[in-house]
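Tertiary structure, described
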Amino acid sequence: MDNKILTAEQEQKLRRPIDERVGAIQKEIDGLREDGTNKVLTIQNEIDSIKRDRIYTKAEKEAKIAKYQTELEQAKSVEAKHKAEIDKLISEAEGFLNANYDKAYFQPVKESCEREKAEAKEKYSKEVARLEKEHKETLAKISDHNEIKDEKYVHKNRLFAAKMELEKDLQQVKDRKHAAFAHKYHLLDMLRMSKFSFMEARAQKWENYKYTFNRRSFLLQNGLYIVIVLIFVALCAITPIVKNTPLLTYNNVLNILQQASPRMFLALGVAGLILLTGTDLSIGRMVGMGMTTATIIMHQGKNTGGVFGHVFDFTGIPVGVRVIMALVTCIFLCTCFTSLAGFFTAKFKMHPFISTMANMLMIFGIITYATKGVSFGAIEPVIPNMIIPKVNGFPTIILWAVAAIAIIWFIWNKTTFGKNLYAVGGNPEAASVSGISVFKVTMGAFMLAGVLYGFGSWLECARMVGSGSAAYGQGWDMDAIAACVVGGVSFTGGIGKISGVVVGVLIFTALTYSLTILGIDTNLQFVFEGIIIISAVTLDCLKYVQKK
């Protein structure tokens with residue numbers, strides 16, 4: 001048997017002593033749990049059901065629950081009485097499994113599977129060799145062009161059939177090995193009632209990952225990231241040679257995170273719209289509007305320019321109040337415009353490309369006309385230290401971004417609105433039929449984006465110490481959208497994670513920063529970004545086609 005492949009009967013014979021021994025122990029445990037643990041779980045479920053049931057009055061619920069509470073106490077008493085004995089039996093079963101399962105069963109099955117895999121590959125090689133020989137012999141007998149073409153087509157199909165047979169054989173081996181591995185955890189699951197240690201849970205997850213691993217899917221999901229990591233490794237190697245300075249330093253990493261922080265707000269905002277198969281072309285102009293507004297309010301002294309000819313001077317207002325006033329105004333203006341685009345998108349089914357492009361033109365036109373395109377200079381020098389102070393050299397603007405990531409993650413994953421966002425993005429018709437208001441979800445996504453744009457532009461104003469103008473933020477819309485796409489937020493709708501958005505923003509910020517340090521021309525940097533974007537979207541389309 002040591003040099004042969006185990007049959008199903010032989011495998012069962014190896015496993016039978018283990019199943020019988022652990023099964024006998026499990027039977028004892030089940031008997032001890034019947035009037036204890038099992039009854040506790042049943043009664044607790046009954047109590048939860050009564051609490052949710054609306055057919056009973058409050059008094060009836062209290063009466064029924066009181067009755068069950070008495071039974072519950074009795075069951076818990078029995079459970080406590082048998083706990084030590086049950087723990088002893090579980091320990092006995094675990095000891096037996098640890099001593100015998102791998103040695104007596106799993107390892108022989110694993111070795112058998114390896115031999116079976118080798119035999120399947122050898123069988124495939126022989127079959128391919130046979131087909132190649134027959135193909136050459138057939139070609140030698142025919143001379144007609146069409147017959148040769150037909151023979152090549154038939155040969156190709158035969159090779160494909162042989163490959164499919166190999167894949168089937170290998171999958172059967174894989175299934176057999178995985179089943180042998182999983183059976184031990186099935187026995188432990190029954191013994192402990194689904195309680196596993198941290199290491200046992202990790203082992204199961206790793207085994208399940210290997211079992212379900214598919215090279216094509218892995219490359220589709222992670223191929224772009226692998227290439228980008230290799231690019232960064234190359235940049236880290238090249239930069240010290242070309243510029244005599246290392247790229248991966250503590251200060252450089254902090255600079256990248258600091259630059260990425262305001263952009264994180266913008267990417268998180270537009271990510272919700274992309275999740276709804278939309279987009280937003282007005283982000284850059286929102287930043288310009290927010291920067292201009294925040295600079296005017298937080299400007300030191302009388303403003304150097306006017307708005308519709310009126311020159312503002314907010315220095316009479318306390319600095320702290322002006323900071324909050326600037327934030328509220330930025331959020332209000334950005335939310336007003338995003339709500340306008342959201343209304344036309346939700347009410348009239350207008351594509352966000354059009355509604356946000358209209359926003360982009362209106363915002364730029366209004367701000368440029370109102371301010372004559374003037375840059376409004378610096379803000380009060382004490383304000384950046386109030387909003388984003390550096391603590392021992394650490395820029396706290398990063399903490400604002402971390403807070404935004406945490407809040408948006410919570411909204412997307414733990415709220416009804418977030419679940420509805422995915423539902424509407426995945427299939428708006430089905431979501432509408434199931435009772436979800438597509439209009440409210442769409443408006444909510446646009447309004448949330450406006451809040452994030454306003455917050456991001458306010459932080460950028462503090463980071464840059466003002467200098468707001470209508471032209472500021474040009475191209476930021478493309479950066480934000482590209483970061484989302486690279487991060488896996490799909491334009492097909494309903495697919496995306498906050499972690500992907502974060503990774504996308506960091507990738508583009510780090511790439512731009514690295515290429516700038518290396519002295520690469522800004523125009524060539526756009527080429528790199530374009531290649532990454534088209535690669536990301538291509539992979540996204542391939543994933544979508546594969547699912548279809």
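Sequence order as written defines residue numbering, which begins from 1 separately in each chain. pLDDT decides what is reported in this predicted model: residues at 70 or higher carry local features, side-chain atom pairs at 80 or more are listed and counted, and totals for whole chains, interfaces and linings draw on all residues regardless. Note that the side-chain values use all heavy atoms of the structure and ignore hydrogens as well as water.

Looking now at the pattern of salt bridges. Put simply, a salt bridge is a Lys or Arg side-chain nitrogen that is within 4 Å of an Asp or Glu carboxyl oxygen. The tally for this structure, following the rule as stated, stands at 16 salt bridges. Here Asp-169 ties to Lys-123 by a salt bridge, and the two come within 3.7 Å at their closest N and O atoms. Separated by 46 residues along the polypeptide, Asp-169 in helix α4 (residues 145-192) and Lys-123 in helix α3 (residues 58-141) bring together distant segments of the chain. Partly exposed residues are those whose accessible area sits between 20% and 50% of the maximum for their type, while under 20% is buried and over 50% is exposed, using a 1.4 Å probe and protein chains only. Classification of Asp-169 by relative accessible area gives buried; the value is 16%. Under the relative-accessibility criterion, Lys-123 is labelled partly exposed at 48%. Asp-479 serves as the salt-bridge partner of Arg-263, at 3.1 Å between the closest nitrogen and oxygen. Remark: Asp-479 occurs in helix α16 (residues 476-486) and Arg-263 occurs in helix α7 (residues 250-275); sequence separation between them is 216 residues. Judged by relative accessible area, which is 25%, Arg-263 ranks as partly exposed. Under the relative-accessibility criterion, Asp-479 is labelled partly exposed at 23%. Salt bridges here are not isolated pairs; linked through shared partners, they connect Glu-11, Glu-116 and Arg-176. The helix count covers DSSP runs of H or I at least four residues long, the strand count covers runs of E at least two residues long, and both are numbered beginning at the N terminus.

Moving on, we come to the packing of aromatic side chains. When two rings of Phe, Tyr or Trp (its six-membered ring) have centres within 6.5 Å they constitute a pair, described as stacked for plane angles under 30 degrees, edge-to-face for angles over 60, and tilted for the intermediate range. In the structure shown here, the tally under the stated rule is 19 aromatic pairs. Judged by centre distance (5.9 Å) and plane angle (85°), the rings of Phe-343 and Phe-348 are edge-to-face. Residue Phe-343 is classed as partly exposed on the basis of its relative accessible area of 34%. Seen from their ring centres, Trp-400 and Trp-458 are 5.7 Å apart, and the 80° between their planes marks the pair as edge-to-face. Taken together, the residues span a long stretch of sequence, with Trp-400 in helix α12 (residues 397-414) and Trp-458 in helix α15 (residues 438-463) at a distance of 58 residues.

Let's shift gears to α7. The end-to-end C-alpha separation of α7 is 35 Å, in line with the 38 Å expected for 26 residues at 1.5 Å each. Along its length, α7 shows its largest kink, about 40°, at Ser-261, and proline Pro-262 lies within four residues downstream of that point. Of all 26 residues in α7, 19 are buried, a share of seventy percent or more. Looking one or two places after α7, you find Thr-277, whose phi comes out positive at around 65°. To estimate the expected span of a helix, subtract one from its residue number and multiply by 1.5 Å. Given a residue, its bend is the angle between the two axes fitted to the seven residues that end at it and to the seven that start from it.

Among the nonpolar cores identified, the biggest contains 94 residues, and Met-298, Tyr-453 and Trp-458 are the most heavily contacted of them. Residue contributions to this core peak at 13 residues, all from α7. Residues belong to a common nonpolar core when they are buried Ala, Val, Leu, Ile, Met, Phe, Trp, Tyr or Cys residues joined through side-chain atoms within 4.5 Å.

Only the contacting stretch of a helix is used when fitting its axis, a line to C-alpha atoms as for every element, and angles between N-to-C directions run 0 to 180 degrees. In contact at an axis separation of 11 Å, α4 and helix α5 (residues 198-212) are set at 160° when each is read in the N-to-C sense. Classified by the angle their axes make, α4 and α5 are roughly antiparallel. As for how α4 packs across α5, the hand of that crossing is left-handed. Where α4 abuts α5, its residues Gln-171, Lys-174, Asp-175, His-178, Phe-181, Tyr-185, Leu-188 and Arg-192 lie against Glu-200, Ala-203, Gln-204, Glu-207, Asn-208, Lys-210 and Tyr-211. All amino acids are sorted into three groups, where Ala, Val, Leu, Ile, Met, Phe, Trp, Tyr, Cys and Pro are nonpolar, Asp, Glu, Lys and Arg are charged, and the leftover types, Gly among them, are polar. Looking at the contact of α4 with α5, its residues break down into five nonpolar, four polar and six charged. Oblique is the label for any angle not covered by the other classes, which are roughly parallel (under 35 degrees), roughly antiparallel (over 145) and roughly perpendicular (65 to 115). Less than a right angle of anticlockwise turn of the near helix away from the far helix marks a crossing as left-handed, whereas a clockwise turn marks it as right-handed. The contact criterion used throughout is that any non-hydrogen atoms of two residues lie within 4.5 Å.

For the rest of this paragraph, the subject is the packing of helix α8 (residues 283-298) against helix α10 (residues 352-371). Taken N-terminus to C-terminus, the directions of α8 and α10 make an angle of 30°; their axes are 9 Å apart at the nearest point. As judged from the angle between their axes, α8 and α10 are roughly parallel. Handedness of the α8/α10 crossing: left-handed. For the pair formed by α8 and α10, the contact residues are Arg-285, Met-286, Met-289 and Thr-292 on the first element and Asn-359, Met-360, Ile-363, Phe-364, Ile-367 and Thr-371 on the second. Taken together, the residues that form the contact of α8 with α10 break down as six nonpolar, three polar and one charged.

When you line up the elements, Cys-541 lands in helix α18 (residues 522-547). With relative accessibility at 41%, the residue Cys-541 sits in the partly exposed group. As for Cys-541 and Ser-490, which are separated by 51 residues in sequence, their C-alpha atoms are 8.7 Å apart.

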